[in-house]
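Topology and contacts: notes
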Amino acid sequence: MRKIVLAVLFPLLFACVNRKAEPIVAPWGEVGAADSIWDSDAFDLEQIQAGGELIMLTLSGPETYYDHRGRQLGAQYLLAQKFADTLGVRLRVNICRDTTELLTRLVAGEADLIAVPLPVTLSDSVLFCGPGNDSLSIHWSVNEAKPRLADALDQWYRPELLTDVRKEEAFLLSSRSVKRHVFSPMLSRKDGIISRYDQFFMKYCQTIRWDWRLMAAQCYQESTFDPKATSWAGAKGLMQIMPRTADELGLPREKLYDPESSISAAAKYLGMLEEKFTDIRDRHERTDFVLASYNGGYHHIRDAMALCQRDGRNPHRWADVSAYVLKLSLPEYYNDPIVKHGYMRGSETEGYVRLIRARWQTYRGVPSPRAGFHATPQKATRVRKKKYDQ
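Residue positions within a chain follow its written sequence, with the count starting from 1. Under the rules for a predicted model, residues below a pLDDT of 70 receive no local features and side-chain atom pairs below 80 are neither given nor counted, while totals for whole chains, interfaces and linings still include all residues. Water and hydrogen atoms were dropped before computing side-chain values, which therefore reflect all heavy atoms in the structure.

Focus: the overall build of the protein chain
Each helix and strand in the protein chain was counted, giving 15 helices and 11 strands. Contacts are assigned to residue pairs that have any heavy atoms within 4.5 Å of one another. Of all intrachain contacts in the protein chain linking residues separated by at least 6 positions in sequence, the fraction that spans at least 24 positions is 57%. Of the accessible surface of the protein chain, which amounts to about 21,100 Å², a share of 53% is contributed by carbon and sulfur atoms. Only runs of H or I of at least four residues qualify as helices and only runs of E of at least two qualify as strands under DSSP, and these elements are numbered from the N terminus. To be clear on the numbers: accessible area is Shrake-Rupley with a 1.4 Å probe, and residue cover counts the displayed protein chains and nothing else.

What follows is the structure, given as C-alpha cells:
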C-alpha cells in the first residue's frame, strides 16, 4: 500500500518542482504588463486618450467658466471642450478659488491642464502652452511631466479659435439662438383671453395656488406661447423645460412639446421651488424668488441672499436681493468666499422677474409703466428703461 501511494505522489511532486511558476494575475490584468498600470508621473497625452477623460482646472467668471440655465459657458471652457473633442475624450471641469489653488492642484497631479491664461513667469513647475497671448506672455499650462500634452495644445491652438468661440457664445446668449414663432402677448383683450392654453394655466395653477395669469405671463416670457420653441441650451416647449429637469419631474421627453404636459410639469417644478423658499413667509415676495430660480438657478439665488444678509440688507425681500443678483456678474462679488456657485448673468434673471411681473399686471388690467413697457387697448409697446445702477 505504501508503495502505491509513493508511486502516485512522486510524479505530482516532480511536476510541481519542474513547472515554471505562474504569474499572479489581478482582476484587471497581469501585474507588470506594460499597458496595465501607468506611473502617475508619466500620465501624458496617450494615457489621457486611453482613459477617455481630460481634467481641467479653471476659475469662475464670464470669460472662463459659468453655468447658465443648465449649460456651461465661458470662452476658455468652450476652447477646452473643443480641444477635448479633437482628442476624442470627455472634459471634466474643476473650479478653483484663485491662481494659487490652480497651480497647487496642477503640480500635485490632480488635473491635466489649467484653462486660464496665466503669466508665464508665475511658476517654473509647469509648462505654459496653447491658448493665450504671446505679447502679454500669458498662456494655459500643463504639468511639466506632460510634454506631449503641451505639444498637442501648441499644435492645435490658433488665435482664430478664441474669436470663433466668443462669436458662438454671443450667438447662444442672444434671442437669435431660440427657435420660436412669436405670438401676440394677448389673444383677445376684449374677451379676456390671454392664450389658447388658458384652461391649462387655470387647471394646474390651482395645485400651487398661483394666479393663472402670472404663469401665463411667465410662459410668454419663456416661449411667447410657441409650443414648439427650442432654446440653444436644449430647453423645449411652452415652459422651456430642460430634458434633465423633465426626467426629474417624471415628464417623458417625447412630451416636452405637448402644451398641457409642459404646463403641468412647470407647475410641479414651481411648487418644488416654493418649498425650497419656505423661509420667505411673504407669499408675494416668495414668488419673485421662485421665478428668479426658475430662470437663473436656485443656488445662484441663495448666493445672492447670502451676500444680501452679509451686508445688512433683507435677504427675504426681492428688491434687496435682486441688487445682489446683478452684482454676481462682478468679480468682487462672485469671487467672494461666501459665494458657493460663482458667476451668473444676473441682468437676465433680474429682467426676467421684472418683465413677468409687469406683464402679469397688464393681464390683470393694472398699468405698470415703470416695469419696462406699458399696455394700450390694442397692444403692449416697449418703452426705454434706465440701466440699473450697480
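A closer look at the pattern of salt bridges
A carboxyl oxygen of Asp or Glu within 4 Å of a side-chain nitrogen of Lys or Arg is what we treat as a salt bridge. Enumeration according to the criterion identifies 23 salt bridges in this entry. For R92, the salt bridge identified is with E53, shortest N-O distance 2.8 Å. You can see R92 sitting in strand β6 (residues 90-96) and its partner E53 sitting in strand β3 (residues 53-59), a full 39 residues away along the chain. Three exposure classes are used, based on accessible area relative to the maximum for each residue type with a 1.4 Å probe and protein chains only: buried under 20%, partly exposed in between, and exposed over 50%. According to the relative accessible area criterion, R92 is partly exposed, its value standing at 37%. The class for E53 is partly exposed, based on a relative accessible area of 21%.

Here we look at the pairing of strand β8 (residues 126-133)
Successive residues of a regular strand alternate their side chains across the two faces of the sheet. When DSSP locates at least two bridges between a pair of strands, those strands are taken to pair. Of the pairings in the sheet, the one linking β8 to strand β9 (residues 138-143) comprises 6 bridges and is antiparallel in character. Considered in β9, the bridge of N133 is made with I138.

Regarding the packing of helix α12 (residues 298-310) against helix α13 (residues 318-327)
Axis geometry follows a simple rule: fit a line to the C-alpha atoms, using only the stretch in contact for helices, then measure angles between N-to-C directions, giving values from 0 to 180 degrees. The geometry of α12 relative to α13 is characterised by a closest axis approach of 8 Å and an angle of 110° between their N-to-C directions. Taken as axis vectors, α12 and α13 run roughly perpendicular relative to one another. In the packing of α12 onto α13, the handedness of the crossing is right-handed. In this structure, α12 contributes I301, A304, M305, L307 and C308 to the contact, and α13 contributes D320, V321, Y324 and V325. Think of it as three bins: nonpolar holds Ala, Val, Leu, Ile, Met, Phe, Trp, Tyr, Cys and Pro, charged holds Asp, Glu, Lys and Arg, and polar takes everything else, Gly as well. Among the residues forming the contact of α12 with α13, the class breakdown is 8 nonpolar, no polar and 1 charged. Between 65 and 115 degrees an angle is taken as roughly perpendicular, under 35 as roughly parallel, over 145 as roughly antiparallel, and anywhere else as oblique. Two helices cross in a left-handed way if the nearer one is turned anticlockwise from the farther one by less than a right angle. They cross in a right-handed way if the turn is clockwise.

Observations concerning the pairing of strand β7 (residues 113-119)
The element β7 is largely enclosed, with a buried count of 5 among its 7 residues. Summarising the sheet, β3 and β7 pair through 2 bridges and their orientation is parallel. Residue pairing for β7: M56 is matched across the bridge by L113. Note: β7 against β9, 4 bridges, orientation antiparallel. Paired with I114 across the bridge in β9 is S141.

Looking at the confidence of the model for the protein chain
On average, the protein chain scores 85 in pLDDT, and the residues at 70 or more come to 82%. Every residue gets a pLDDT, meaning the predictor's confidence in that residue, from 0 to 100. The low-confidence segment residues 1-40 (pLDDT under 50) makes 11 contacts with residues lying over four places distant or belonging to another chain. Low pLDDT, under 50, characterises residues 368-390; the predicted model gives this stretch 36 contacts beyond four residues in sequence or across chains.

So, helix α11 (residues 283-296)
When the terminal C-alpha atoms of α11 are compared, their 20 Å separation across 14 residues agrees well with the 20 Å that a helix rising 1.5 Å per residue should span. Among the 14 residues of α11, 12 are classified as buried, and the element is accordingly described as predominantly covered. As used in this structure description, the phrase polar contact means that two N or O atoms lie within 3.5 Å; if the pair is within protein, one of them must be able to donate a hydrogen and the other to accept it, and residues adjacent in sequence are counted only when both atoms belong to side chains. Taking the backbone nitrogen of H284 as reference, a side-chain oxygen 2.9 Å away marks D282 as the first, capping residue of α11. G297 lies just past α11 and shows a positive phi near 100°. One less than the residue count of a helix, multiplied by 1.5 Å, gives the span that helix is expected to have.

Regarding helix α15 (residues 346-363)
Between its terminal C-alpha atoms α15 stretches 26 Å, which fits the 26 Å expected from 18 residues at 1.5 Å a residue. Along α15, 14 of the 18 residues are buried, which leaves the element largely enclosed by surrounding structure. Once α15 finishes, G365 follows within two positions and takes phi at roughly 85°, a positive value.

Brief notes about the environment of R71
Topologically, R71 is positioned in strand β5 (residues 71-73). The sequence separation of R71 and A233 amounts to 162 residues, and the corresponding C-alpha distance is 5.9 Å. Apart from the residues lying within four places of it in its own chain, the contact partners of R71 are Y66, W232 and A233.

Looking at the sheet that holds β6
Consider a sheet: its strands pair through backbone hydrogen bonds, and that pairing is either parallel or antiparallel. Strands sit in the order β6-β3-β7-β9-β8 across an open sheet of 5 strands; the sheet is mixed. One side of each edge strand has no neighbouring strand; the edge strands of this open sheet are β6 and β8. Sheet twist, expressed as the average angle between the axes of neighbouring strands with direction ignored, equals 35°. Bridge count for β3 against β6 is 7 bridges, and the pairing is parallel. In the sheet register, L59 faces β6, and the bridge partner there is C96. Docked against the sheet, helix α5 (residues 147-156) engages β3, β7, β8 and β9, running at close to 15° with respect to β8.

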